[in-house]
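Topology and contacts: notes
Spelled out, the chains give:
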Amino acid sequence: MTSQIQLGPVISRGQLGFGPSGGHRPGGPVGAAKGARLRPSLLAVAAALVLSACGTIQPDPLVAKSMKDATAADTKTIRDAVEPFTRPLSLSEAVARAL
């Protein structure tokens with residue numbers, strides 16, 4: 001008993017956009033190379049836009065006194081939220097307190 005396998009239509013090189021009979025087909029392999037050349041240009045334009053935004057932001061200088069005041073306020077807030085020790089802690093209580 002012999003079985004026959006039916007193959008689909010044969011595609012020539014010309015239909016793929018290669019070879020002398022095919023020429024250029026939009027969207028084919030030749031058209032894809034054009035899009036590949038566009039990517040570096042697009043990347044350069046995007047990088048230029050991102051980097052140009054860096055020059056428009058004016059940073060506020062940090063002042064030592066305001067940093068000390070903020071640190072003191074933060075420390076007070078943290079210490080007020082934690083209850084003081086009234087007895088020695090077990091290991092599990094210390095871990096729970098640390099987390």
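Residues numbered from 1 in each chain as written. Predicted model: local features only at pLDDT ≥ 70, side-chain atom pairs only at ≥ 80, totals over all residues. Heavy atoms only, no water.

1. A look at the overall build of the protein
To keep things clear, this is the line we draw: Only runs of H or I of at least four residues qualify as helices and only runs of E of at least two qualify as strands under DSSP, and these elements are numbered from the N terminus. Summary of the burial criterion: residues with accessible area below 20% of their type's maximum are buried, those above 50% are exposed, and those between are partly exposed, where the area comes from a 1.4 Å probe applied to protein chains only. What sets the accessible areas is the Shrake-Rupley method with a 1.4 Å probe; for residues, cover comes only from the shown protein chains.
Each helix and strand in the protein was counted, giving 5 helices and 0 strands. Seen in sequence order, the protein has helices and strands lined up from the N terminus as α-α-α-α-α. Expressed as a percentage of the 99 residues in the protein, the buried residues total 4%. With an accessible surface of roughly 9,500 Å², the protein has 66% of that area assigned to carbon and sulfur atoms.

2. Points about the confidence of the model for the protein
Detail in the predicted coordinates should be disregarded across regions flagged by low pLDDT. We count it as follows: Scored from 0 to 100, pLDDT reflects the predictor's confidence in each residue.
Scored by pLDDT, the protein has a mean of 75; 61% of the residues are at 70 or more. Per-element confidence in the protein ranges from a low mean pLDDT of 52 for helix α2 (residues 19–22) to a high of 93 for helix α4 (residues 64–80).

3. Looking at a nonpolar patch on the surface
Definition in use: Every patch collects residues that have over 30% relative accessible area and no salt bridge, joining them within 9 Å if they carry like charges and within 5 Å if they are nonpolar side chains (Val, Leu, Ile, Met, Phe, Trp, Tyr). Whenever Lys or Arg places a side-chain nitrogen within 4 Å of a carboxyl oxygen from Asp or Glu, that contact is recorded as a salt bridge.
A grouping of L91, V95 and L99 is seen on the molecular surface, where their side chains present a nonpolar patch of about 390 Å² in accessible area. Relative to the assigned elements, V95 resides in helix α5 (residues 91–98). Judged by relative accessible area, V95 falls into the partly exposed class, the value being 44%.

4. Structural notes on the pattern of salt bridges
Evaluated as defined, the whole model comprises 3 salt bridges. Across the salt bridge formed by D69 and K65, the nearest N and O atoms sit 3.2 Å from each other. Of the two residues, D69 and K65 both sit in helix α4, 4 residues apart, roughly one turn of that helix. By relative accessible area, which is 57% here, K65 ends up exposed. A salt bridge links R87 to E93; its shortest N-O distance comes to 2.8 Å. When its relative accessible area of 49% is taken as the criterion, R87 is described as partly exposed.

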